[in-house]
Amino acid sequence: MDTASTGAYDDVRTAARALATEAVHAGRDDLARQGLHAPPIDLSTTYPSYDSRAEAVRIDAFAADGADPVGPPVYGRLGNPTVARFETALARLEGTESAVAFASGMAALSAVLLARSAMGLRHVVAVRPLYGCSDHLLTAGLLGTEVTWTDPAGIADAVRPDTGLVMVESPANPTLAELDLRAVAHACGSVPLLADNTFATPVLQRPAEQGARMVLHSATKYLGGHGDVLAGVVACDEEFAGRLRQIRFATGGVLHPLAGYLLLRGLATLPVRVRAASANAAELVRRLAGDPRVARVHYPRLGGAMIAFEVHEDPHEVISRVRLITPAVSLGSVDTLIQHPASISHRIVDADDRRGAGVSDRLLRLSVGLEDVDDLWSDLDQALGQRTRGPERLREAVA
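About the thresholds
- Residues numbered from 1 in each chain as written.
- Predicted model: local features only at pLDDT ≥ 70, side-chain atom pairs only at ≥ 80, totals over all residues.
- Heavy atoms only, no water.
- Helix = DSSP H or I, 4+ residues; strand = E, 2+ residues; numbered from the N terminus.
- Contact = heavy atoms within 4.5 Å.
- Expected span 1.5 Å × (residues − 1).
- Buried < 20%, exposed > 50% of the residue type's maximum accessible area, 1.4 Å probe, protein only.
- UniProt positions renumbered as here; feature names shortened; annotations may be inferred.
- Polar contact = N/O pair within 3.5 Å; in protein donor to acceptor, adjacent residues only side chain to side chain.
- Pairing = 2+ DSSP bridges.
- Axes fitted to C-alpha atoms, helices over the stretch in contact; angles between N-to-C directions.
- Lys, Arg positive; Asp, Glu negative; His and termini not counted.
- Salt bridge = Lys/Arg side-chain N within 4 Å of Asp/Glu carboxyl O.
- Disulfide = S-S within 2.5 Å.
- Core = buried A, V, L, I, M, F, W, Y, C linked by side-chain atoms within 4.5 Å.

## Details of the environment of Val 127
Following the sequence through the fold, Val 127 ends up in the loop between strand S2 (123-126) and helix H5 (132-140). Taking the C-alpha atoms as reference, Val 127 lies 7.8 Å from Glu 169; in sequence the two are 42 residues apart. Excluding its chain neighbours within four sequence positions, the residues that come into contact with Val 127 are Trp 149, Thr 150, Asp 151, Pro 152, Ile 155, Met 167, Val 168 and Leu 179.

## Things to note about helix H4 (residues 105-117)
Between its first and last C-alpha, H4 extends 18 Å over 13 residues, near the 18 Å set by a 1.5 Å rise per residue. In terms of burial, H4 is a largely internal element, 10 of the 13 residues being buried.

## Side note on unusual backbone geometry
At the junction of Arg 128 and Pro 129, the peptide bond is cis and its omega measures out at 0 degrees in the coordinates. Locating Pro 129 in the fold gives a position in the loop between S2 and H5. That bond from Ser 170 to Pro 171 is cis: its omega, -10 degrees, falls within 30 degrees of zero. Checked against the element boundaries, Pro 171 lands in the loop between strand S4 (163-169) and helix H7 (181-188). Positive phi, normally seen in glycine, also occurs at Thr 201, with a value near 65 degrees. Structurally, Thr 201 is set in helix H8 (residues 201-204). Among the residues examined, Thr 201 registers a relative accessible area of 0% and is labelled buried.

## Comments concerning the UniProt feature "modified residue: N6-(pyridoxal phosphate)lysine" (unreviewed entry) in the protein chain
Within this structure's numbering, the places UniProt gives as "modified residue: N6-(pyridoxal phosphate)lysine" (unreviewed entry) are Lys 221. When you line up the elements, Lys 221 lands in the loop between strand S6 (214-217) and strand S7 (232-236). Beyond its immediate sequence surroundings of up to four residues, Lys 221 is in contact with Thr 198, Ser 330, Leu 331 and Gly 332. Here the side chain of Lys 221 touches Ser 218 through a polar contact of 2.7 Å, side chain to side chain.

## Comments concerning the sheet that holds strand S11 (residues 337-339)
Note: strands within a sheet are paired through backbone hydrogen bonds, in either parallel or antiparallel orientation. Read from one edge of the open sheet, 5 strands run S8-S9-S12-S11-S10, paired in mixed fashion. Bordering the open sheet on either side are strand S8 (294-298) and strand S10 (326-327), each of which pairs with just one other strand. As paired strands, S8 and strand S9 (residues 306-311) are joined by 4 bridges and run antiparallel to one another. Among the inter-strand pairings, Arg 296 is bridged to a residue of S9, identified as Glu 310. Against the sheet, helix H11 (residues 270-289) makes contact with S8, S9 and strand S12 (363-367), and its axis sits at roughly 15 degrees relative to S9, the strand it touches most.

## Quick notes on the side chain of Glu 310
When you line up the elements, Glu 310 lands in strand S9. Within the buried set, Glu 310 has no salt-bridge partner at all; the shortest N-O distance to an opposite charge, 4.7 Å, is to Arg 296. Within the structure, Glu 310 has its side chain in polar contact with the side chain of His 298 (distance 2.7 Å).

## Considering the pattern of salt bridges
Side-chain pairing between opposite charges can occur once the charged atoms of the two side chains come close. In total, this model carries 22 salt bridges according to the counting rule given. Close ionic contact of Asp 381 with Arg 293 constitutes a salt bridge, the shortest N to O distance being 2.5 Å. Highlighted residues: Asp 381 in helix H14 (residues 373-383) and Arg 293 in the loop between H11 and S8, separated in sequence by 88 residues. Here the salt bridges share partners, and the residues they tie into one network are Arg 17, Glu 22, Asp 29 and Arg 92.

## Brief notes about the state of the cysteines
For the coordinates displayed, the defined rule picks out 0 disulfides. Take Cys 236: it sits in no disulfide, and the sulfur closest to it among the cysteines is that of Cys 188, at 16 Å.

## Overview of the nonpolar core
Among the nonpolar cores identified, the biggest contains 37 residues, and Phe 86, Leu 223, Val 233, Leu 263 and Leu 270 are the most heavily contacted of them. The set of elements that each furnish at least two residues to this core consists of helix H3 (81-94), strand S1 (98-102), S7, helix H10 (257-268), H11 and S9. Those residues in contact with Phe 86 that lie beyond four places of it in its chain are Ala 101, Ala 219, Leu 223, Val 233, Gly 260, Leu 263, Leu 264 and Leu 267. If you look at the next biggest cluster of nonpolar residues, it comprises 25 residues, including Ala 115, Leu 138, Leu 165 and Ala 241.

The structure is reproduced here in structure tokens:
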């Protein structure tokens, strides 16, 4: 019988395993002894119980600390066995005690802010750039939070007694700026660091190993990897996971079981996809950096499958000319996507703040997929338009 507890598979994991092995097996360790190969999908919203007294005790226990109810599932808003498998696997990959999944990345971030606010810690210190909607949620104070924006060197001075967390994204969306997460975590002192690891994924970086106490993912992106699931997840210690489960139960930001199944399936190929797409990206960076039609290329030292580049001509014209590459928001899919952050993902951010964070009006963001790199370059080459004749314009080095 399938089990609901995110920790229910720990007893069959006996030794440390490589990330590629964990990606395939974490959350699935109990399947063989159940006579199964593929994980089951549990679509139930509610579950029968003939012992209402015991049910009441389990619900009281959940209300006390947010721990997963011991025994059979209770109700879909408290947790789901299929989603729990994904949570187990993601926690293993990020190297944390637990993980809690939500209906979207923004639902996950909202739950973190609400959980800290409920403790009287409404102040957030944040470093730009962040994903545009994360920036907006903090700046607008929609959840009653107050934000202080600072650069990494100013984090320690920005922390107050009511600071609930410090939030960073590295590599950042969309400029791919990188932070020294270990130094940032040190600057936070006792305040927990929340690191958005959507771009890097645990394949390239595990923020918890560098001092982050919460790791955020828009699981819609690389974790799912196929553009067919919307989800978010926070990897953290079990104590904070309990608070997040309580917020999820109260607000209803639950992940659908089918999405949990697709995410678990996506994790199995995550290392292979990230490494293959990263190889494509590195080759495209090499070609873009030597192209006179490109003013600047941004690519993190960490590597990865995301590229940002600034063009001399109108970036909207470049987007209008792509044919193989898909002009669309989002990222991390098996196919290559391009978008103009100043118009789309970061449109909601004040223009001065946006430009101050390095998001120029001529910046394009490319999420590189698994197509043949020569086909991708052929499409980019024609989309960039005519090559200028005569002396090349001065181009900045790859960031």
